[in-house]
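A structural walkthrough
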Amino acid sequence: MTTEPGSPADAGSRGTGSPTTPEAATAPAAEAAPTSTTPTDITAAGATPPGVAPTDTTPPELVPPDITPPADAKPKVGLADVVFKNLTRTAGVSLLVLIALIAIFLVLRATDALSANTGNFLTTEEWRANADPPVFGVAALLFGTLVSAVGALLIAVPVAVGIALFITIYAPRRLASGLGFIVDLLAAVPSVIYGLWGLIVLAPHFNGTQSWLADYFGWIPLFDTGAGTVGRSMFLASVVLAIMILPIVAAISREVFSQVPITHREAALALGATRWEMIRTAVIPYGKPGVISASMLGLGRAMGETIAVALVLPASFNISWKILTPAGNTIAANVANGFGEANDIGKGALIASGLVLFVVTMVVNMIARAVIARRREFSGRAA
């Protein structure tokens, strides 16, 4: 009998070399001899055997070139980068040198006047720098500077933040653009215009408001006039300064609030927050560093303002917490009023008071930077 190729009998005879019987053909699979996979079989199947490194079969033309720079290689810097780096470094160093030169100038010019002073420069209230012997102190001037500037900040910042929020969130786009233009325009008005307006227009019509504050809030020491009257007071100067710094604080706060990510605002509204809750939880925390910076910028302008305060205040030299009475003076206003008629010692005394204002301004800005650094988690730079 002829066995066809491919039949079970032919496969048994060729694979095992033994005849194939019906019993062998029907044997259970469990009794079959276990088969083992050899490395040759794995390699034949296309896999990599254990302990053998895989071979790269990628064609050479498809292999990306090695662009890893050597360990001792230096990055290539273009000419434009070098020029820009040197220019910015020069600008920063020049600013520090300029500040140092200003401080040195103030110290050198004030030394002779301070050595000739017969009073205590830090605690004496009177200012008679042109007398012989000269007696002057910066206590009353520094007090007036801080009180008027802080009062202006307390009045201006809430109003400025409200204006910024209204322009950014509440106002329609067409109205917001017009209001923003007006705010920017008010920030460019010269200070002498505000001073003349405060002297000619505001001061005569402000006595009624000051009298009302004295009548109904006189139990507060700040608003107590005693037996005196109201007039060109520290409170009036604070109002004029507040109107001056309000556009600056409002413009900067508006720019900060407009940069709040829209996803923060939409996330708060999606969670069911009202518009005010969205502002309180998403907008104000994010923009707080910017508002602090704007407030410190306004405070610096209020402390250094000269003409507006010189026109409004009566230029007296006494410390009084009664801000509604006609009294008070500031360092900048005193320099503007007395520099023209001062002798050498008097000019040195005025420069010494300017040195005090310089130091106070630097300290205020350092405190502001420290406060802003603590709020970095809301500025988007802490990540």
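Residues numbered from 1 in each chain as written. Predicted model: local features only at pLDDT ≥ 70, side-chain atom pairs only at ≥ 80, totals over all residues. Heavy atoms only, no water.

1. Some remarks on a nonpolar patch on the surface
- A cluster of nonpolar side chains, V192, I193, L196, W197, L199, I200, V201, I243 and I307, forms an exposed patch at the surface whose accessible area comes to about 690 Å².
- Note on placement: L196 falls in helix α7 (residues 191–216).
- Judged by relative accessible area, L196 falls into the partly exposed class, the value being 38%. (Patch = residues over 30% accessible without salt bridge, like charges linked within 9 Å, V, L, I, M, F, W, Y side chains within 5 Å. Areas by Shrake-Rupley, 256 points an atom, 1.4 Å probe, with all protein chains shown as cover. Salt bridge = Lys/Arg side-chain N within 4 Å of Asp/Glu carboxyl O. Helix = DSSP H or I, 4+ residues; strand = E, 2+ residues; numbered from the N terminus. Buried < 20%, exposed > 50% of the residue type's maximum accessible area, 1.4 Å probe, protein only.)

2. Some thoughts on helix α12 (residues 331–338)
- Inspection of α12 places I331, A332, A333, N334 and G338 among the buried residues, and these make up the whole buried set.
- Buried residues in α12 make contact with β1 (127–128), α5 (139–170), α10 (275–304), α11 (307–312) and α13 (344–374).
- Between the side-chain oxygen at the start of α12 and the backbone nitrogen of A333 there is a gap of 3.2 Å, and the oxygen is on T330. (Contact = heavy atoms within 4.5 Å. Polar contact = N/O pair within 3.5 Å; in protein donor to acceptor, adjacent residues only side chain to side chain.)

3. So, α5
- Taking 1.5 Å of rise per residue, 32 residues should cover 46 Å, and α5 covers 45 Å from first to last C-alpha, within 8% of that figure.
- Its axis deflected by about 30° at A156, α5 carries its strongest bend there, up to four residues before the proline P158. (Expected span 1.5 Å × (residues − 1). Bend = angle between axes of the 7 residues up to and from the residue.)

4. Side note on the nonpolar core
- The biggest cluster of nonpolar side chains holds 67 residues, and the ones touching the most others in it are V283 and L324.
- For this core, the secondary structure elements donating two or more residues are α4 (79–116), α5, α7, α8 (234–258), α10, α11, α12 and α13.
- In terms of residue count, the dominant contributor to this core is α8 (11 residues).
- Counting residues in each nonpolar core, the second largest holds 9 residues, with A171, V183, V249 and A294 among its members. (Core = buried A, V, L, I, M, F, W, Y, C linked by side-chain atoms within 4.5 Å.)

5. A word on the packing of α5 against helix α6 (residues 173–187)
- Contact pair α5 / α6: the axes reach a minimum separation of 8 Å and the direction vectors enclose 145°. Handedness of the α5/α6 crossing: left-handed. Contact residues: I163, F166 and I167 in α5; L175, A176, L179, G180 and V183 in α6.
- Considered class by class, the residues forming the contact of α5 with α6 number 7 nonpolar, 1 polar and no charged. (Axes fitted to C-alpha atoms, helices over the stretch in contact; angles between N-to-C directions. Left-handed = near helix turned anticlockwise from the far one by under 90°. Nonpolar A, V, L, I, M, F, W, Y, C, P; charged D, E, K, R; others polar.)

6. Quick look at the packing of aromatic side chains
- Taken as a whole and judged by the stated rule, the model has 8 aromatic pairs.
- Seen from their ring centres, W127 and F136 are 5.3 Å apart, and the 55° between their planes marks the pair as tilted.
- Take F136: its relative accessible area is 0%, and that puts it in the buried class.
- Judged by centre distance (4.9 Å) and plane angle (85°), the ring pair of F143 and W321 falls under edge-to-face. Here the residue F143 occupies a position in helix α5, and W321 occupies one in the loop between α11 and α12, the gap between them amounting to 178 residues.
- For F143, a relative accessible area of 17% translates into the label buried.
- Each residue in the set F206, W212, Y216, F217, F223 and F235 is aromatic and connected to the rest through ring pairs, giving one cluster. (Phe/Tyr/Trp six-rings, centres within 6.5 Å; stacked < 30°, edge-to-face > 60°.)

7. Overview of the environment of A187
- Within the secondary structure layout, A187 lies in helix α6.
- Sequence separation of A187 and L246 is 59 residues, and the distance between their C-alpha atoms is 8.0 Å.
- The residues contacting A187, other than those within four sequence positions of it, are P247, I248 and R301.

8. Regarding the pattern of salt bridges
- Using the criterion set out here, one finds 3 salt bridges in the structure.
- For the salt bridge of E255 with R254, the shortest nitrogen-to-oxygen distance reads 3.1 Å.
- The exposure class assigned to R254 is buried, which follows from its relative accessible area of 12%.
- If you follow the salt bridges from partner to partner, you end up with D184, R254 and E255 in one network.

So, to be careful, I would describe these as geometric facts and stop short of saying anything about function.
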